[in-house]
Amino acid sequence: MEGLLPPPGRGAAAYGAAAAAARAPASADLHGCDAMVVACGDVRHAGAAGIVAAVTARAVALVCPDDTLHVVPKAGSVFVFEVPGTGQVVQLDTQSWLPRRG
């Protein structure tokens, strides 16, 4: 899971996250991906890392290595996912993921 975070001071651009996100839209099936919560309005979830067990319209469920389940709200959160088999890292945040109203 350590490989999910970009080097200090480099940000998501270090992995070409914008280009990767264009190839892997937010509607992709993320079940089984390694994921990390890099920011969250609920500090209990910030830094949580594990395997995506479920994705709903408003939350992501992560099973962490210590067998805890984090149900992380998408609103106010930033997630980093590793695309299996490619080594690509994709960052998704609230604006790119939540359904639009109106």
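What counts, and where the lines are drawn
Residues numbered from 1 in each chain as written. Predicted model: local features only at pLDDT ≥ 70, side-chain atom pairs only at ≥ 80, totals over all residues. Heavy atoms only, no water. Pairing = 2+ DSSP bridges. Helix = DSSP H or I, 4+ residues; strand = E, 2+ residues; numbered from the N terminus. Axes fitted to C-alpha atoms, helices over the stretch in contact; angles between N-to-C directions. Phe/Tyr/Trp six-rings, centres within 6.5 Å; stacked < 30°, edge-to-face > 60°. Buried < 20%, exposed > 50% of the residue type's maximum accessible area, 1.4 Å probe, protein only. Contact = heavy atoms within 4.5 Å. Polar contact = N/O pair within 3.5 Å; in protein donor to acceptor, adjacent residues only side chain to side chain. Core = buried A, V, L, I, M, F, W, Y, C linked by side-chain atoms within 4.5 Å. Salt bridge = Lys/Arg side-chain N within 4 Å of Asp/Glu carboxyl O.

Student: What exactly am I supposed to notice about the sheet that holds strand S4 (residues 69-73) here?
Tutor: Strand pairing in a sheet takes place through backbone hydrogen bonds and is either antiparallel or parallel in direction. Read from one edge of the open sheet, 6 strands run S4-S3-S2-S1-S5-S6, paired in antiparallel fashion. Two strands in the sheet have a free side with no partner beyond their single neighbour: S4 and strand S6 (89-93). In this sheet, adjacent strand axes meet at a mean angle of 40 degrees when their direction is disregarded. Summarising the sheet, strand S2 (residues 49-55) and strand S3 (residues 59-63) pair through 4 bridges and their orientation is antiparallel. Paired with valine 52 across the strands is leucine 62, a residue of S3.

Student: Help me understand the packing of aromatic side chains in this model?
Tutor: Two numbers describe a pair of aromatic rings. These are the distance of the centres and the angle of the planes. This structure, assessed with the given rule, holds 1 aromatic pair. Ring geometry for phenylalanine 79 and phenylalanine 81: centres 5.9 Å apart, planes at 20 degrees, overall stacked. By relative accessible area, phenylalanine 79 is classed as buried at 0%.

Student: Explain the environment of histidine 45 here, please?
Tutor: Following the sequence through the fold, histidine 45 ends up in the loop between strand S1 (34-39) and S2. Histidine 45 gets classed as buried once you look at its relative accessible area, which sits at 9%. For the pair histidine 45 and valine 72, spaced 27 residues apart in the sequence, the C-alpha separation amounts to 6.5 Å. Here histidine 45 is in contact with Val37, Cys40, His70, Val71, Val72 and Pro73, once residues within four sequence places are set aside. One polar contact links histidine 45 to histidine 70, side chain to side chain, over a distance of 3.1 Å.

Student: Please explain the pairing of S6 as it appears in this structure.
Tutor: Regular strands place side chains that alternate from one sheet face to the opposite one. Summarising the sheet, strand S5 (residues 78-82) and S6 pair through 5 bridges and their orientation is antiparallel. Bridge assignment links glutamate 82 to a residue of S6, and that residue is valine 89. Where S5 folds back on S6, the antiparallel hairpin that results is connected by 6 residues, among which glycine 85 adopts a positive phi of roughly 80 degrees.

Student: Hey, could you run me through the nonpolar core in this one?
Tutor: Across soluble globular proteins, nonpolar side chains have a tendency to be buried as a group. Counting 15 residues, the largest nonpolar core has Val37, Val52, Leu62, Phe79 and Phe81 as its most contacted members. Looking at this core, the elements that each hand over two or more residues are S1, S3, S5 and S6.

Student: For this particular structure, what's the right way to read the pattern of salt bridges?
Tutor: Working definition: two side chains of opposite charge can pair if their charged atoms are close together. Enumeration over the complete set of coordinates arrives at 1 salt bridge. We note a salt bridge from arginine 44 to aspartate 42, for which the minimum N-O separation is 2.5 Å. A relative accessible area of 63% means that arginine 44 is categorised as exposed. Judged by its relative accessible area of 23%, aspartate 42 falls in the partly exposed class.

Without other data, these values stay purely geometric and don't point to any function.
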